[in-house]
Amino acid sequence: MTTASATVGRPPSLADDDRKALILQAAETVFDSLGYGDATMEEVARACGMAKKTVYKFFPDKASLFWALVESHDVAVIEIRNGEGDERPEMRLGRLLEDVSSAILSPRQITLTRLVIAESVKYPELAQRFYRDCVEKTMNHVARTLASDPSLRLPPGYDSRTLADLLVSALLGSIHLRALMLNLSGQALEDELRGRVPLVMDLIVGALPAR
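Just so it is clear, the structure is predicted and the values come from calculations on it, not from any experiment.

What follows deals with the packing of aromatic side chains. According to the stated counting rule, one finds five aromatic pairs in the structure shown. Summarising the aromatic geometry, the rings of Tyr 36 and Tyr 123 are spaced 5.1 Å apart at their centres and angled 80 degrees between planes, so their arrangement reads as edge-to-face. Of this pair, Tyr 36 sits in helix α2 (residues 16-38) while Tyr 123 is found in the loop between α7 (107-119) and α8 (124-148), placing the two residues 87 residues apart along the sequence. Chaining the aromatic ring pairs together yields one cluster made of Phe 31, Tyr 36, Phe 66, Trp 67 and Tyr 123. The ring of Tyr 36 is capped by Lys 62, whose NZ or CZ atom sits 4.6 Å from the centre of that ring.

Next up on the list: a nonpolar patch on the surface. Residues Leu 177, Met 181, Leu 182 and Leu 184 make up a contiguous nonpolar surface patch of roughly 410 Å² in combined accessible area. Here Met 181 shows up in helix α10 (residues 175-182). Judged by relative accessible area, which is 62%, Met 181 ranks as exposed.

At their nearest, the axes of α10 and helix α11 (residues 186-205) sit 11 Å apart, and the two run at 175 degrees to each other. Between α10 and α11, the interaxial angle falls into the category roughly antiparallel. Taken together, the residues of α11 that come into contact with α10 (itself represented by Ile 175, Arg 178 and Ala 179) are Leu 189, Glu 192, Leu 193 and Arg 196. Partitioned by chemical class, the residues of the contact of α10 with α11 number four nonpolar, no polar and three charged.

Before going further, it helps to examine the nonpolar core. In terms of nonpolar packing, the biggest core is built from 28 residues, with Ile 23, Phe 31, Phe 59, Leu 65 and Phe 66 touching the most fellow members. Put simply, the parts of the chain that give this core at least two residues each are α2, α3 (41-48), α4 (52-58), α5 (62-71), α7 and α8. Take this core: its biggest share by element is seven residues, from α2. The residues contacting Ile 23, other than those within four sequence positions of it, are Val 44, Cys 48, Met 50, Thr 54, Val 55, Phe 58, Phe 59 and Leu 65. Formed by 27 residues, the second largest nonpolar core is a distinct cluster that contains Leu 93, Met 139, Leu 146 and Ala 164.

Looking now at the pattern of salt bridges. Side chains that differ in sign of charge can pair as their charged atoms come close. Counted under the stated rule, the structure contains ten salt bridges. Salt-bridge contacts for Glu 136 lead to Arg 161; the nearest nitrogen and oxygen are separated by 3.0 Å. With Glu 136 in helix α8 and Arg 161 in helix α9 (residues 160-172), the pair connects residues that are 25 residues apart, well separated along the chain. On the basis of relative accessibility, which here comes to 21%, the residue Arg 161 falls in the partly exposed class. Note that Glu 192 is salt-bridged to Arg 178, the shortest N-O span being 2.7 Å.

The N-to-C vectors of α5 and α7 enclose an angle of 145 degrees; their axes lie 11 Å apart at closest approach. At the point where α5 passes α7, the crossing takes the left-handed sense. Mapping the contact onto sequence places Phe 66, Leu 69 and Val 70 in α5 and Arg 108, Leu 112, Leu 115 and Val 116 in α7. Of the residues that constitute the contact of α5 with α7, the class distribution is six nonpolar, no polar and one charged.

Rules behind the numbers
- Residues numbered from 1 in each chain as written.
- Predicted model: local features only at pLDDT ≥ 70, side-chain atom pairs only at ≥ 80, totals over all residues.
- Heavy atoms only, no water.
- Phe/Tyr/Trp six-rings, centres within 6.5 Å; stacked < 30°, edge-to-face > 60°.
- Helix = DSSP H or I, 4+ residues; strand = E, 2+ residues; numbered from the N terminus.
- Lys NZ or Arg CZ within 6 Å of the ring centre and 35° of its normal.
- Patch = residues over 30% accessible without salt bridge, like charges linked within 9 Å, V, L, I, M, F, W, Y side chains within 5 Å.
- Areas by Shrake-Rupley, 256 points an atom, 1.4 Å probe, with all protein chains shown as cover.
- Salt bridge = Lys/Arg side-chain N within 4 Å of Asp/Glu carboxyl O.
- Buried < 20%, exposed > 50% of the residue type's maximum accessible area, 1.4 Å probe, protein only.
- Axes fitted to C-alpha atoms, helices over the stretch in contact; angles between N-to-C directions.
- Parallel < 35°, antiparallel > 145°, perpendicular 65-115°, else oblique.
- Contact = heavy atoms within 4.5 Å.
- Nonpolar A, V, L, I, M, F, W, Y, C, P; charged D, E, K, R; others polar.
- Core = buried A, V, L, I, M, F, W, Y, C linked by side-chain atoms within 4.5 Å.
- Left-handed = near helix turned anticlockwise from the far one by under 90°.

Have a look at this one:
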């Protein structure tokens with residue numbers, strides 16, 4: 001058999017970044033269907049159609065694979081979008097809250113959150129790291145925006161981290177629980193969020209003393 005005939009039908013070689021992306025896609029499916037505890041590197045290799053040694057080449061163990069999956073969808077990296085020069089500060093803050101809440105409610109983030117909650121008793125370190133690297137980073141991002149934007153700066157004596165927590169918690173409310181438990185459609189969640197923003201701004205931001 002010639003070399004040419006031996007390679008007919010063989011898929012083209014993938015770049016490392018493409019291989020990693022395929023592995024992460026497969027890992028998300030495997031973790032979601034089996035849970036973190038029962039998922040194995042062998043199952044991930046089977047799901048992505050690669051040799052187990054290829055998966056281990058990029059991810060030395062299951063924990064590193066899971067955290068690569070989390071970091072590939074980091075909800076903390078959310079920047080307030082640039083508006084027009086005469087845009088009111090409240091509009092920029094409202095959009096920031098919408099962006100953060102939408103990221104928290106994204107299908108992929110909901111999948112990861114469900115997984116961590118389900119495994120939190122058996123793997124407490126998983127829950128602790130997820131809370132630190134996802135929840136805390138996201139809330140700290142909102143707090144930094146509140147503290148650093150001159151037009152959004154808080155009155156003296158107000159803690160930006162506390163206000164960030166109040167704003168995001170009030171906006172999400174029971175929506176987050178329903179997203180986790182009831183598999184509501186993304187569009188329904190987005191519509192409800194947009195309707196809540198003006199109310200949350202009035203109740204919390206509007207109650208602050210003048211800057």
